Amino acid sequence: MSQPLFEGIFAALTTPFAGEEISLAAFSKNLAWYNNTPLDGYVILGSTGEAILLDDNESLQLVEEAVKVTAGQKKIIVGTARESTRLTIEFTNKIAQFPVAAVLVRTPSYYKQQLTPAALKEHYLRLADASRKPIILYNIPQNTGISLDLETLFQLAEHPNIVGIKDSSGNLNFLVKARPHLPADFSFLLGAGGLMYSGLTLGAAGGILAMAAVIPDLCCQLFQLTRENNHSEASRLQLQLAPLNSFLTQEYGLPGIKYALDQLGLYGGPTRLPLLPLSPEGRAKISQALQEL
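Structure report, in brief. Think of each chain on its own: its residues are numbered from 1, step by step along the sequence as written. In keeping with the predicted nature of the model, local features appear solely for residues at pLDDT of at least 70, side-chain atom pairs appear and are counted solely at 80 or more, and the whole-chain, interface and lining totals rest on all residues. Hydrogens are left out, water is left out, and the side-chain values use all remaining heavy atoms of the structure.

All right, on to the layout of surface pockets then. Within this model, the largest pocket holds a volume of roughly 990 Å³. Only protein atoms enter the 1 Å grid used here, on which a cavity is any set of points holding a 1.4 Å probe that cannot leave and a pocket is any open set flanked by protein within 12 Å on both sides along at least five of seven lines; residues with an atom within 4 Å of a point are listed as lining. Around the largest pocket, the lining is made up of 44 residues, and of these Ser47, Thr48, Tyr138, Ile140 and Asn143 lie nearest the centre. Each helix is a run of H or I in the DSSP string that is no shorter than four residues. Each strand is a run of E no shorter than two, and both are numbered from the N terminus. Counting only elements with at least two residues in the lining of the largest pocket, the list comes to β6 (102–106), α5 (141–144), β10 (206–209), α11 (231–251) and α12 (253–263). Broken down by element, the residue count for the lining of the largest pocket peaks at four residues, all from α11. Polar here means any residue outside two lists: the nonpolar Ala, Val, Leu, Ile, Met, Phe, Trp, Tyr, Cys and Pro, and the charged Asp, Glu, Lys and Arg; Gly therefore counts as polar. Across the lining of the largest pocket, the residue classes break down as 21 nonpolar, 19 polar and four charged. Grid points are joined across faces, edges and corners, and a volume is the space filled by probe spheres set on the points.

Given below as structure tokens:
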């Protein structure tokens, strides 16, 4: 039986800034540390990477640096979404000059009323036909206000160049309904760290997690325990990770993730405006959650 092309735990990496400029030195140093973890790979230029706040030149520099430092040790997935189909294709094929494993493409979202299932299907099929890299769909309705429906997902999954989906909806019912109708080698990856154990038991291939950028070893341990059917330990670990995950992904977001990295000796640094620094209350809560882990 064929296996999913992408499985395991992928960290959604942050973009380090020194003031308002990207810091390739800090990015490189962080990557060197991640290379020594059990992570299966990384996502560069995702939501956690503040991709929507970067220009194309900055984005290309980050991918080039990631490829250089990682040197084939981990799979690299790159976020390439733009609002128009044409710009998404153009940027995706700029990224194709680098030896990355796939691109991650969130739904366009600005013209919500016109972004019907038919429009989304056309967008992704044109991209898949034109892209020189495999496509992973990205469903994140809490940010975009747009959600892929099941029928569109099933139709897109038939395209040989569409190899998976990252679903950050937090709705396990979507996974339950989708998984039996998807090809065996199609990777259903979760974006919600709080649902990893449940999702893996229901057929998810793994996860692309912001939490894995902060505590990669524990996220990989959770994956391994579940795969080994050690359900008592896996469920216990999932519950232990829940408070930190909630702070990082729901309550405080990117400023919280970057603060946690700073506390662990990695480079978190500032977010880019209009994102504001973490509050003193947030710093206290995240520090406490890290200490408890």
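And the narrative resumes.
On to the pattern of salt bridges, then. Basic side-chain nitrogens of Lys or Arg form a salt bridge, by our definition, when they fall within 4 Å of a carboxyl oxygen of Asp or Glu. This structure, assessed with the given rule, holds 13 salt bridges. In this structure, the salt-bridge partner of Glu7 is Arg227, at a minimum N-O distance of 3.2 Å. Of the two residues, Glu7 is situated in the segment before β1 (8–12) and Arg227 in helix α10 (residues 216–227); the sequence distance between them amounts to 220 residues. For Glu7, a relative accessible area of 27% gives the class partly exposed. We call a residue buried when its accessible area falls under 20% of the maximum for its residue type, exposed when it is over 50%, and partly exposed in between, using a 1.4 Å probe and counting protein chains only. Taking the relative accessible area as the measure of exposure, Arg227 reaches 39% and is therefore partly exposed. A salt bridge links Lys258 to Glu50; the nearest nitrogen and oxygen atoms lie 2.6 Å apart. Residue Lys258 is found in helix α12, and its partner Glu50 is found in the loop between β4 (41–44) and α2 (56–70); the two are separated by 208 residues along the sequence.

In this section: the environment of Pro216. Among the secondary structure elements, Pro216 is positioned in helix α10. Sequence-wise, Pro216 and Asp40 are 176 residues apart; in three dimensions their C-alpha atoms are separated by 10.0 Å.

Two rings from Phe, Tyr or Trp (for Trp, the six-membered ring) form a pair when their centres are within 6.5 Å of each other. A pair whose planes differ by under 30 degrees is stacked, one over 60 is edge-to-face, and the rest are tilted. By the definition in use, this model includes six aromatic pairs. With 5.4 Å between their ring centres and 75° between their planes, Trp33 and Tyr34 make a pair best called edge-to-face. Between Tyr110 and Tyr111, the aromatic rings sit 5.0 Å apart at their centres with planes inclined by 85°, giving edge-to-face as the arrangement. In this scheme, Lys NZ or Arg CZ marks a charge over a ring once it lies within 6 Å of the ring centre and within 35 degrees of the ring normal. Its guanidinium or amino end placed over the ring of Phe6, Lys75 lies 4.9 Å from that ring's centre, counting from NZ or CZ. In this structure, Arg82 packs its charged tip against the face of Phe91, placed 4.0 Å from the ring centre.

These values are about where atoms sit, not about what they do.
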